[in-house]
Amino acid sequence: MRRAFGALFAEVDAGGFGPAPEGQFSAEQIVAHLVASDRLCGLVDQLGLAAETPVATHLREGFDLIVDEPLPWSRTLDLHMRVHLPKHQSQLHVLRS
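One numbering rule holds for all chains: residues counted from 1, following each sequence as written. In keeping with the predicted nature of the model, local features appear solely for residues at pLDDT of at least 70, side-chain atom pairs appear and are counted solely at 80 or more, and the whole-chain, interface and lining totals rest on all residues. To obtain the side-chain values, all non-hydrogen atoms of the structure were used and water was disregarded.

What about the overall build of the protein?
- Within the protein one finds three helices and two strands.
- When its helices and strands are written in sequence order, the protein yields α-α-β-β-α.
- The C-alpha extent of the protein, read off along each of the three principal axes, is 40 × 30 × 15 Å.
- We call a residue buried when its accessible area falls under 20% of the maximum for its residue type, exposed when it is over 50%, and partly exposed in between, using a 1.4 Å probe and counting protein chains only. Counting every position in the protein, which comprises 97 residues, the buried fraction comes to 30%.
- In this tally, Lys and Arg are treated as positive and Asp and Glu as negative; His is ignored, and so are the chain termini. By convention, the charge on Lys lies at NZ, on Arg at CZ, on Asp at CG and on Glu at CD. For the protein, the separation between the mean place of its 8 positive charges and that of its 12 negative charges on side chains is 3 Å. A run of H or I in DSSP becomes a helix once it reaches four residues, and a run of E becomes a strand once it reaches two; helices and strands are each numbered from the N terminus.

Some details on the pattern of salt bridges
- What counts as a salt bridge is simple: a side-chain nitrogen of Lys or Arg found within 4 Å of a carboxyl oxygen of Asp or Glu. The full count for this structure, using the stated rule, is three salt bridges.
- With a shortest N-O distance of 2.5 Å, R96 and E11 are connected by a salt bridge. Within this pair, whereas R96 is found in helix α3 (residues 73-96), its partner E11 is found in helix α1 (residues 2-14), the two being separated by 85 residues in sequence.
- By relative accessible area, R96 is classed as partly exposed at 29%.
- Residue E11 is classed as buried on the basis of its relative accessible area, which comes to 10%.

Description of the nonpolar core
- Among buried residues, those of type Ala, Val, Leu, Ile, Met, Phe, Trp, Tyr and Cys that are joined through side-chain atoms within 4.5 Å constitute a nonpolar core. Counting 13 residues, the largest nonpolar core has L8, I30, L34, L85 and L92 as its most contacted members.
- Counting residues per element, this core draws most heavily on helix α2 (residues 27-47), at five residues.
- For this analysis, residues touch if any pair of their heavy atoms sits within 4.5 Å. When neighbours within four sequence positions are excluded, I30 is seen to be in contact with F25, H88, Q91, L92 and L95.

Below you can see the structure in the form of structure tokens.
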């Protein structure tokens, strides 16, 4: 998961972002969201075996991902890393282009 965040923060470090289209997150808003997500990952890292405890999970990422069932924290974050974070990386890349 840290590798996924590393790629995202490399995109942030590249800088040079333009304004966001109306109704979409700005680069600053995306970064604030990513920092909150990174802190969540840090907390889950500290859970150890408790990271396998099922929690009520509701995730919706457009048509790519819809989850509404109990999942272990580790699985929830895996989905976050594989589906949600790449979309933010793409958003940042577009804002810089």
